[in-house]
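Spelled out, the chains give:
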Amino acid sequence: MVNTPCYVIDKDALKSNLKVLSGVMERTGCKILLAQKCFSCYALYPLIGSTLSGATASGLFEARLCHEHMPGKENHIFSPAFREEDMEEILSICDHIVFNSIRQLALFGKRAKACGLQVGLRINPQVSTQPAEHSIYDPCAPGSRLGVTLEEFEDGISSYPELLPLLDGLHFHTLCEQNSDDLETTLNAFEKQFSSYLGLMKWVNFGGGHHITRSDYDIPRLERCILRMSEGYGLAVYLEPGEAVALNAGYLHTKVLEIQHHKGSIDIAILDTSAACHMPDVLEMPYRPPLEGSGAVGEKPYAYRLGGPTCLSGDIIGDYSFDAPLKEGDVLVFGDMAIYSMVKNNTFNGMPLPSIYIEDKGNLLLHKEFSYEDFKGRL
């Protein structure tokens, strides 16, 4: 029995995902990295590092986490803009650094090269594949702050020709929970725009957002995209999935605190977990997380709106139906809660952070629990 709320990471499910990713690496020769921004439970880094080529970071702290807990594996870093005060440590612990602009490349590229790092530049191929409701996740939207367009690239190297020899690779990241047909669309645009420069590079990085371990994912198409770059241009190919590593490998256990009955409205169950604090993507994406034993409203006889205990009126997880009425003390289990949950949670309203358990062959092992001091220490 676990105390709620808590996250449970299923080690066997993680191994299953890693097996799929390993197959892609073996068949194509590509290198796959863990995107730590999605999943950073470092207790499992030895397992992940035994299969993947390393990890990628969005800043110094994630880079340090990989360096400490995945020693000997590749440590990549990208940021829209780097801080001068972080650069010394970054250059001492990372293997690859990807810059977001010609200006950042000019500021730090020569120093990174002198320290032995592989240097890359993020490209904006200006082809949007995101559905309209996910525009917040579209790096190719007009006015994007992420990546260099072809025009900006060519203007930059024309003005500063000494920058082109600094580059070892080009990076693009345009996807979010998408299939390989969208990757192929992006790759077509990228190749059309930058093919004349690929012969000067050592590698290309396809970024993240590849839902490789999803049941309907088209892996053969992904592998054709990889081989197109490796065989056609002699490039090493990197991918940086986060979700694919931990997809469906985690759960959030929560308890029903109270049932509210409102005349003429759906019944409400107040839980001891919060969408705003413990599963913020539910509000940001937005999406309705899977819940064991439930159905859509109308599918089962008893319907409830599930909400958190914070003061935010919109702290609503979603509407669900059940075979039997909910009652105070019932434990509910949300699925797919390893990704973008622990890395995003917060203590708004003084909400406690959920404990973290690791399930290994049916045994639950407590990895970490939190207290008032964790809340206080952040303020």
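Scoring rules and cut-offs
Residues numbered from 1 in each chain as written. Predicted model: local features only at pLDDT ≥ 70, side-chain atom pairs only at ≥ 80, totals over all residues. Heavy atoms only, no water. Patch = residues over 30% accessible without salt bridge, like charges linked within 9 Å, V, L, I, M, F, W, Y side chains within 5 Å. Areas by Shrake-Rupley, 256 points an atom, 1.4 Å probe, with all protein chains shown as cover. Salt bridge = Lys/Arg side-chain N within 4 Å of Asp/Glu carboxyl O. Lys, Arg positive; Asp, Glu negative; His and termini not counted. Charge placed at Lys NZ, Arg CZ, Asp CG, Glu CD. Helix = DSSP H or I, 4+ residues; strand = E, 2+ residues; numbered from the N terminus. Buried < 20%, exposed > 50% of the residue type's maximum accessible area, 1.4 Å probe, protein only. Phe/Tyr/Trp six-rings, centres within 6.5 Å; stacked < 30°, edge-to-face > 60°. Axes fitted to C-alpha atoms, helices over the stretch in contact; angles between N-to-C directions. Parallel < 35°, antiparallel > 145°, perpendicular 65-115°, else oblique. Left-handed = near helix turned anticlockwise from the far one by under 90°. Contact = heavy atoms within 4.5 Å. Nonpolar A, V, L, I, M, F, W, Y, C, P; charged D, E, K, R; others polar. Pairing = 2+ DSSP bridges. Arc of directions from axis to C-beta.

Caption draft 1: Structural detail: a negative patch on the surface. A cluster of acidic residues, Glu-151, Glu-152, Glu-154 and Asp-155, forms a negative patch at the surface. Looking at where Glu-152 falls in the secondary structure, it is placed in helix α6 (residues 150-159). Accessibility expressed as a relative area gives 43% for Glu-152, which makes it partly exposed.

Caption draft 2: How the structure looks around the packing of aromatic side chains. All told, the structure shown has 12 aromatic pairs when counted by the stated rule. Plain terms: the ring middles of Phe-99 and Phe-108 are 6.4 Å apart, the flat faces sit at 15° to each other, and that makes the pair stacked. The pair formed by Phe-99 and Phe-108 is uniform in burial state, with each residue classed as buried. Where Phe-153 meets Phe-194, the ring centres are 5.5 Å apart and the plane angle is 80°; that geometry is what we call edge-to-face. With a gap of 41 residues between them, Phe-153 in helix α6 and Phe-194 in helix α7 (residues 180-198) connect regions that are remote in the sequence. Neither Phe-153 nor Phe-194 differs from the other in exposure class; each is buried. Grouping aromatic residues by their ring pairs yields a cluster made of Phe-153, Phe-172, Phe-190, Phe-194, Tyr-197 and Phe-206.

Caption draft 3: Looking closely at the packing of α6 against α7. Axis separation between α6 and α7 bottoms out at 10 Å; the angle between their running directions is 25°. Looking at the two axes, α6 sits roughly parallel to α7. When you trace α6 past α7, the crossing you get is left-handed. When α6 is examined against α7, the residues Leu-150, Phe-153, Glu-154 and Ile-157 are found in contact with a partner set consisting of Gln-193, Phe-194 and Tyr-197. For the contact of α6 with α7, the per-class residue count stands at 5 nonpolar, 1 polar and 1 charged.

Caption draft 4: Structural view of helix α3 (residues 60-69). Buried within α3 are the following residues: Leu-60, Glu-62, Ala-63, Leu-65 and Cys-66. The elements touched by buried residues of α3 are α2 (45-49), β3 (54-57), β4 (74-78) and α4 (84-93).

Caption draft 5: Focus on the pairing of strand β10 (residues 250-260). Alignment of strand β1 (residues 6-10) against β10, held across 4 bridges, turns out to be antiparallel. Paired with Val-8 across the two strands is Tyr-251, which belongs to β10. Where β10 meets strand β14 (residues 331-335), 5 bridges bridge the pair, whose relative direction is antiparallel. The residue bridging Lys-255 from the neighbouring strand is Val-331, located in β14. Of the pairings in the sheet, the one linking β10 to strand β11 (residues 267-271) comprises 4 bridges and is antiparallel in character. Counterpart to Ile-259 in the pairing with β11 is Ala-269. Hairpin remark: β10 followed by β11, antiparallel, with 6 residues in the connecting loop; positive phi at Gly-264, about 80°.

Caption draft 6: Up close: the sheet that holds strand β9 (residues 236-239). Strand order in the closed barrel formed by 8 strands is β2-β3-β4-β5-β6-β7-β8-β9, with parallel pairing between adjacent strands. Taking each pair of neighbouring strands and ignoring which way they run, the sheet shows an average axis angle of 25°.

Caption draft 7: Representation of the pairing of strand β13 (residues 316-322) within the structure. Burial runs high along β13: 5 of the 7 residues are buried. Bridging between strand β12 (residues 302-307) and β13 involves 6 bridges; their strand directions are antiparallel. Residue pairing in the sheet places Arg-305 in a bridge with Asp-319 of β13.

Caption draft 8: Spotlight on the pattern of salt bridges. Applying the stated criterion across every chain yields a total of 19 salt bridges. We note a salt bridge from Lys-11 to Asp-360, for which the minimum N-O separation is 3.7 Å. On the criterion of sequence distance, the pair formed by Lys-11 in helix α1 (residues 11-28) and Asp-360 in strand β15 (residues 355-360) is long-range, its members being 349 residues apart. By relative accessible area, Lys-11 is classed as partly exposed at 22%.

Caption draft 9: Main features of a nonpolar patch on the surface. A cluster of nonpolar residues, Leu-283, Leu-312 and Phe-348, forms a patch on the protein surface that exposes about 230 Å² of accessible area. Checked against the element boundaries, Phe-348 lands in the loop between β14 and β15. Accessibility expressed as a relative area gives 37% for Phe-348, which makes it partly exposed.

Caption draft 10: Here's a closer look at α6. Taken together, the buried positions of α6 are occupied by Phe-153, Gly-156 and Ile-157. Burial along α6 is one-sided: seen end-on, the buried residues are contained in an arc of 90°. Structural note: α6 exposes Glu-151, Ser-158 and Ser-159 on the side pointing more than 90 degrees away from its buried face.

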